[in-house]
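Observations on the model geometry
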Amino acid sequence: MKQKLQAKVSSKDEKKFVKQLIKPPKDLPISIVLIIFAVTTAIFFWGHLAGTSFFWEDFVEYIYPTQSFAAAEFARGVIPFWNPYTFAGMPFLADLQVGFFYPFNRILSLFVDSNGWLSVGWLQFIIILHFFIAQTGMYLLCREHKLSSIGSMISSVSYSFSMILVCHVIHPMIVEHLAWLPFIILFFSKGIKSRRIRLAVIAGLLLGMSFLSGHPQMTLYEMLLIGFLFLWELVLGLKNKEIAGAGVIRFLLCGIIPIIISVGIFAIQYLPSKELATLSQRNELTYEKSSEGSLEFKQLFCSISPNLFGSVNPKENSFSLKSTGTDGSSKDAPYYYYWETAYYFGIAALLLGLFGTFTQIKNRFVIFLVIISGFGVIFALGSNGFLYSLFFNLPLFGSFRNPSRMIFFTVFAMSILAGFGFDALWNSGGERKTILKFSLISIGLIFISFLASTGSLHSAFESQSGVLSASDETSTITLFFAIVIFVFGYLAAKGKIKIEIVGGLIFIIAFVDLLFISSEFISSKQDPKKSYAVEPELKQLFKPNPPKEIFRINARMYNPSYSAMMRNQGLLDKIMMLEGYNPLRLEKVIPPDLSRNELNALYNVKYQIDLNPDRQPVFNKRDLFFQRAWLLHNAIIIPEKQVFDEMKKKHFDLSVVAILEEQPDVKLPGLEPDSSDVVECLDYQSNSFKYKVNSQNAGILCFSEIWYPAWKPYIDGKPAKLLRLDYCLRAVALDRGIHTVEMRYESETFKTGAYITLFTLILSIILIFIPIRKNKE
């Protein structure tokens, strides 16, 4: 009995001795931490900051031209409501993904050159800056939850340079959402816990600002995460009697205020965007379409071997993945599934995150992180799991594709859990059970990494041989890092090495691991400006000269498929094009049953790409095409629901008769077009234009301009009715005589949203600063 007692005492003494040896790591000054984050950001994106590397794919096709147009217009004091340069015209500001009101996007207006082109370097810098913001926010969030300085830094780099952020530099609106998320969670949780209105308002302002960056899917998912956190704290607070009496009202108020504030800030963008969404081609998605981009079960191993199924970068595509459809069929996944399903956050964060889960599971915040991590994985499986089908029938959730993006819940949670895991190493006091847990988790991950590095894991999924070599290399690196973390972590837990040394080593491994995996994906050597280079003579030929000469060009043909210019070329060179590239397009843009020549004539196309006798693409000048505006004296009325089918059944001569969806408020004579009619353009701007019309008969003034409800016509200064012409164009009815007709983009939804946002900003300032003044008094 005495021997057993002595054994227990000696065991306790040994633990106390080890705990004395393992001192908590010293906290670094915040200034040093910020400098380190600035250095990690600079190293990760050094080529981009130096001007030798560039983002690619959608950054070139969509982000650069749209942000360039927005910056150039705002620089000259214009709010670009309408874009007349792609798709024969479409709403611009109402396009949520433009993110026109996101503050960092408006800073870009300072960096427009004399030709009206935005600096690529500064656009990339603004995107890169968000990786510094993400690190800073995650660090402060972790410190709020009492994590050590080094543990918080490990969490920060793991989250900020995870593949879900880095692979979306080509979709910076996703990066911007996720960069602000740690700050939002920080102020939201502090607000509801302390019941301080000021913190709740700040959370709302940050949340609203992130919404303005322009990605509706991430907006929805962020709101869901905040809702989960709010319910979690409410339920536990009531259960533990931390919230009682008047405190319940205060708690609810601090939880609701951020939502109200964020929605109010977002209103200036949301209301116009909602109007556009109802008229767009992607307004409704089937379950099959919305579940495209679901994570496959086998891709869960990509948390250890990120390129298990190959990779995609500007130079090559070795990605090979069989995706499962909603009907159970298997097919080759498109190349862009690589970045849509990429989420690797580093072997260090995975190992420490799992360790933190099993050692700190009694911690209230850790339990929440584990729950949302699991939720993120199951939801991201999309049609391969059960959760997405339940959410699909809820409002908004069925409006988006790529459910795999919900995996950011897991990345966010596991990155923070990594900080808890690191702290558990030096907090263990050499406890055998804790060290055993660390050892088992490490050995398990090392074993899987070994299988991946030898090709055994790849063979299980029938990967192509070309994929094996690329994945083997990354898996070997992962295996090496996992072994190093295990060895030094084990020694640290035993008190053999200073925890600061081990922490610094793990921090470096976490960073280098993610840098190695992502460096090729983000680095293209092709300057986006060179992609849009056009011969000066050709540019001058295609550029309209309003109000004297207004026309469009058709730079793309489909048989054979060929494009003479970049699809969004018009946004940079102010060339009015039929083509364009935008994830969101108006549904009614092309009248039915028109040949290419008929369509180009109706759409005021002066130059179109064709094949010459040698089958070489050349631009030809069209001799016959409609002017931008013309007058007709005969109309056929076909109700809106029937007009598409009727125009498809019958062939109408649109140069002679106007197809309207409602009766005009003038009596038409039913005559042929009159050559004596005068239609003269007096002024033409992006958001408005003005014409002078002289006719001896009443008629329909037709515009080769896409119909949109925000356009308001004025005849001789008085409001008039906007008519829809030929399924998708604009028109107004005119009495005989001389008239001045003006068309202005006047969005009621924008005005309403602007008033709501302005009121919200004023209210927020009052709620933030009035309590401070009272405290001072």
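Rules behind the numbers
Residues numbered from 1 in each chain as written. Predicted model: local features only at pLDDT ≥ 70, side-chain atom pairs only at ≥ 80, totals over all residues. Heavy atoms only, no water. Buried < 20%, exposed > 50% of the residue type's maximum accessible area, 1.4 Å probe, protein only. Helix = DSSP H or I, 4+ residues; strand = E, 2+ residues; numbered from the N terminus. Arc of directions from axis to C-beta. Contact = heavy atoms within 4.5 Å. Axes fitted to C-alpha atoms, helices over the stretch in contact; angles between N-to-C directions. Parallel < 35°, antiparallel > 145°, perpendicular 65-115°, else oblique. Nonpolar A, V, L, I, M, F, W, Y, C, P; charged D, E, K, R; others polar. Pairing = 2+ DSSP bridges. pLDDT = per-residue confidence, 0-100. Salt bridge = Lys/Arg side-chain N within 4 Å of Asp/Glu carboxyl O. Polar contact = N/O pair within 3.5 Å; in protein donor to acceptor, adjacent residues only side chain to side chain.

**Here's the deal with helix H27 (residues 640-649)**
Among all positions of H27, only Val643, Glu646 and Met647 are buried. Taken around the axis of H27, the buried residues stretch over an arc of 95°, which confines them to a single face. Projecting away from the buried face of H27 at angles above 90 degrees are the exposed residues Lys641, Lys648 and Lys649. Tucked inside the fold, the buried residues of H27 contact strand S12 (658-660).

**Focus: unusual backbone geometry**
The linkage connecting Pro546 with the following residue, Pro547, adopts the cis geometry, with an omega of 5°. Here Pro547 shows up in the loop between helix H24 (536-542) and strand S5 (552-554). Not every positive phi belongs to a glycine, and Ala88 is a case in point at roughly 60°. Structurally, the position occupied by Ala88 is in the loop between strand S1 (82-83) and strand S2 (90-91). Even without being glycine, Lys241 reaches a positive phi, approximately 60°. Along the chain, Lys241 falls in the loop between helix H11 (216-239) and helix H12 (246-278).

**Describing the packing of helix H4 (residues 58-75) against helix H6 (residues 120-144)**
One can describe the packing of H4 onto H6 by two numbers: an axis separation of 11 Å at closest approach and a directional angle of 100°. In this view, H4 runs roughly perpendicular relative to H6, as classed from their interaxial angle. Across the interface between the two elements, Phe59, Ile63, Tyr64 and Gln67 from H4 touch Val120, Leu123, Gln124 and Ile127 from H6. Here the contact of H4 with H6 is composed, by residue class, of six nonpolar, two polar and no charged.

**Considerations on the sheet that holds strand S9 (residues 617-621)**
Strands sit in the order S5-S8-S9 across an open sheet of three strands; the sheet is mixed. Two strands in the sheet have a free side with no partner beyond their single neighbour: S5 and S9. Strand-to-strand twist across the sheet, computed as the mean angle between neighbouring axes with direction ignored, equals 20°. As paired elements, S5 and strand S8 (residues 605-611) share three bridges and run parallel to each other.

**Let's talk about the confidence of the model for the chain**
Of all residues in the chain, 94% have pLDDT values of 70 or greater, and the mean over the chain is 92. This model gives residues 1-10 a pLDDT under 50, and the stretch forms zero contacts once residues within four places in sequence are excluded. Confidence drops under pLDDT 50 across residues 772-777; counting only partners more than four residues distant or on other chains, this segment forms two contacts.

**Re the side chain of Asn568**
Secondary-structure assignment places Asn568 in the loop between strand S7 (561-563) and helix H25 (569-573). Those residues in contact with Asn568 that lie beyond four places of it in its chain are Glu61, Tyr62, Pro65, Thr86, Tyr532, Gly580 and Tyr581.

**Focus on the pattern of salt bridges**
Note that side chains of opposite charge can pair when their charged atoms are close. Scanning the entire structure with this criterion turns up 23 salt bridges. Linking Glu661 and Arg724 is a salt bridge whose minimum nitrogen-to-oxygen distance equals 3.1 Å. Of this pair, Glu661 sits in the loop between S12 and strand S13 (678-684) while Arg724 is found in strand S18 (residues 723-725), placing the two residues 63 residues apart along the sequence. This pair shows no difference in class: Glu661 is buried, exactly as Arg724 is. Residues joined by salt bridges that share partners form a network here, namely Arg552, Arg628, Glu705 and Arg730.

**Comments concerning the environment of Ile638**
Tracing the backbone through its elements, the reader meets Ile638 in the loop between strand S11 (635-637) and H27. What makes Ile638 buried here is its relative accessible area of 6%. When the C-alpha atoms of Ile638 and Glu661 are compared, they prove to be 5.0 Å apart, with 23 residues separating the residues in sequence. Once residues within four sequence positions are removed from consideration, Ile638 is found in contact with Val643, Glu646, Phe652, Ile659, Leu660 and Glu661.

**Some remarks on the side chain of Thr41**
Here Thr41 shows up in helix H2 (residues 30-44). Under the relative-accessibility criterion, Thr41 is labelled buried at 6%. A polar contact of 2.8 Å, which involves the side chain of Thr41, links it to the backbone oxygen of Phe37. Filtering out sequence-adjacent residues up to four positions away, Thr41 remains in contact with Ile128, Phe131, Phe132, Gln135 and Phe161.

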